[in-house]
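In case you want the letters, here they are:
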Amino acid sequence: MDKEQIKGVIIENNPAILMKYKNAFNNEFDISTFHDTNSSLAHILENNLDIYFYIIRYNKNEKDVINTFIEKIKKINPQIRLVLTDILDDFDTNLYPNSLIFHKNTDTNVIVQAIQSEVNKISDEEANKKRRQYSRVNWPLNVIIAYKDKIRGTIDRNILSISGNGAYISSDTNIPDKGDMLGLTISFKDFKLFTEAKVVWINNEKQKPDLPKGFAVQFIDIGMASQKIIDQIIRDKLLQELLVEFKDENFSS
């Protein structure tokens, strides 16, 4: 994996600590730094498919703010790796599974070496696949489905959730068979996105009873322009959800 392409975020308000990280990373990664969680959120939202990790120094007095921020990042993209530093001996590490956790006074070089080791384990193809798989949002979008057989022609349905590599489509009738190839025209704002897709599983209300009847598709050979539209759909929805949460947190009585 090309380390120059790896993006990380450091949330730290101590200039001396930031300088230590800068020296330890030695320009091998593309690192963005922010003084607090709020200032970093927009950046992470916009670049979430490219960010591999974010570092945050734990402060017991700010644990509620930190926990809320961590939960928001999970919603944006749970594949972004949390690196939590300065934890104390009585800290419950089980609260943050799949995270890199370091005790107070751990040398910065040790932290950076651990991150580099984790990054080296992942291939670009595997990492991108995971990010697109997990950056999923729920949002009804209109889709026109073109079946390959002329008998069924086209139908209008709703996409209930979408990610970078697939979608779930709600449909009571005209449900295709697993493995069928479909043509999808997805409408979003002023965009119309066309892509071919393969049906990967059918939901008859038994497989996933929490979902309405329908089927899931995997996008086939989606181009860069189409991928950018899907990424924008995901970012816009995530931003909308986070803004609602922000209003609830700050204006609730």
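Residues numbered from 1 in each chain as written. Predicted model: local features only at pLDDT ≥ 70, side-chain atom pairs only at ≥ 80, totals over all residues. Heavy atoms only, no water.

**Section: the packing of helix α1 (residues 15-25) against helix α4 (residues 108-120)**
This is how it is decided: Geometry is summarised by axes, namely lines fitted to C-alpha atoms with helices restricted to the contacting stretch, and by angles between N-to-C directions that run from 0 to 180 degrees. Only DSSP runs of H or I with at least four residues qualify as helices, and only runs of E with at least two residues qualify as strands; both kinds are numbered from the N terminus onward. Orientation is classified from the angle alone, with under 35 degrees giving roughly parallel, over 145 giving roughly antiparallel, 65 to 115 giving roughly perpendicular, and any other angle giving oblique. By definition, turning the near helix anticlockwise from the far helix through less than a right angle yields a left-handed crossing, and turning it clockwise yields a right-handed one. Should any heavy atoms of two residues lie within 4.5 Å, those residues are considered in contact. Note on residue categories: nonpolar means Ala, Val, Leu, Ile, Met, Phe, Trp, Tyr, Cys or Pro, charged means Asp, Glu, Lys or Arg, and polar means any other residue, Gly included.
Direction vectors running N to C along α1 and α4 enclose 50°, while the axes themselves pass 9 Å from each other. Regarding the angle of α1 to α4, the classification is oblique. Remark: the crossing between α1 and α4 carries right-handed chirality. Side by side, α1 and α4 meet where K20, Y21, A24 and F25 of the first sit next to T108, N109, I111, V112 and I115 of the second. Its residues assigned to classes, the contact of α1 with α4 comprises 6 nonpolar, 2 polar and 1 charged.

**Concerning the side chain of N203**
Condition: Classification of residues uses two cut-offs on accessible area relative to the type maximum, computed with a 1.4 Å probe and protein chains only: under 20% is buried, over 50% is exposed, and between them is partly exposed. Whenever two N or O atoms come within 3.5 Å, that pair is a polar contact, provided that in protein one can donate a hydrogen and the other can accept it, and provided that, for residues adjacent in sequence, both atoms are side-chain atoms.
Structurally, N203 is set in strand β10 (residues 191-203). Accessibility expressed as a relative area gives 0% for N203, which makes it buried. Among the polar contacts made by the side chain of N203, one reaches the side chain of Y168 at a distance of 3.1 Å.

**Remarks on α1**
Rules: The directions from the helix axis to the C-beta atoms are what the arc is built from.
Of all the residues in α1, the buried ones are L18, Y21, A24 and F25. Around the axis of α1, the buried residues are gathered within 125° of arc, so they sit on the same side. Seen from the open side of α1, the exposed residues pointing more than 90 degrees away from its buried face are P15, K20, K22 and N23. On its buried face, α1 is in contact with β1 (7-11), β2 (30-34), β3 (51-57), β4 (81-87) and α4. If you check the start of α1, you find a side-chain oxygen 2.9 Å away from the backbone N of A16, and it comes from N14. Following α1 by one or two positions, N26 adopts a phi angle in the positive range, close to 55°.

**Quick word on the sheet that holds β2**
Put simply, the test is: Strand pairing is defined by DSSP finding a minimum of two bridges between the two strands.
An order of β2-β1-β3-β4-β5 is seen for the 5 strands of this open sheet, with the pairing classed as parallel. Sheet topology places β2 and β5 (100-103) at the edges, where each strand pairs with a single neighbour. Recorded for the sheet is a direction-independent mean angle of 15° between the axes of neighbouring strands. In this sheet, β5 lies alongside β4 in parallel orientation, the contact comprising 3 bridges. Its bridge partner being in β5, I87 is matched across the sheet by H103. Helix-sheet contacts for helix α2 (residues 37-47) involve β1, β2 and β3, and the interaxial angle to β1 is about 170°. Sitting on the sheet, helix α3 (residues 63-76) is in contact with β1, β3 and β4, with an inclination near 175° to β3.

**Notes on the nonpolar core**
Threshold: Put simply, a nonpolar core is a bunch of buried Ala, Val, Leu, Ile, Met, Phe, Trp, Tyr and Cys residues held in one set by side-chain atoms that sit within 4.5 Å of each other.
In terms of nonpolar packing, the biggest core is built from 45 residues, with Y54, I145, I162, L184, I186, V217 and F219 touching the most fellow members. The next biggest cluster of nonpolar side chains, apart from the first, holds 17 residues, and it includes L18, F25, Y52 and L100.

**Some remarks on the pairing of β10**
Sheet analysis places strand β9 (residues 181-188) next to β10, joined by 8 bridges and oriented antiparallel. Residue L184 lies in a different strand from β10, and its bridge partner there is T195. Here β10 pairs with strand β11 (residues 214-220) via 7 bridges, running antiparallel. Within β11, the position partnered with N203 by the bridge is G214.

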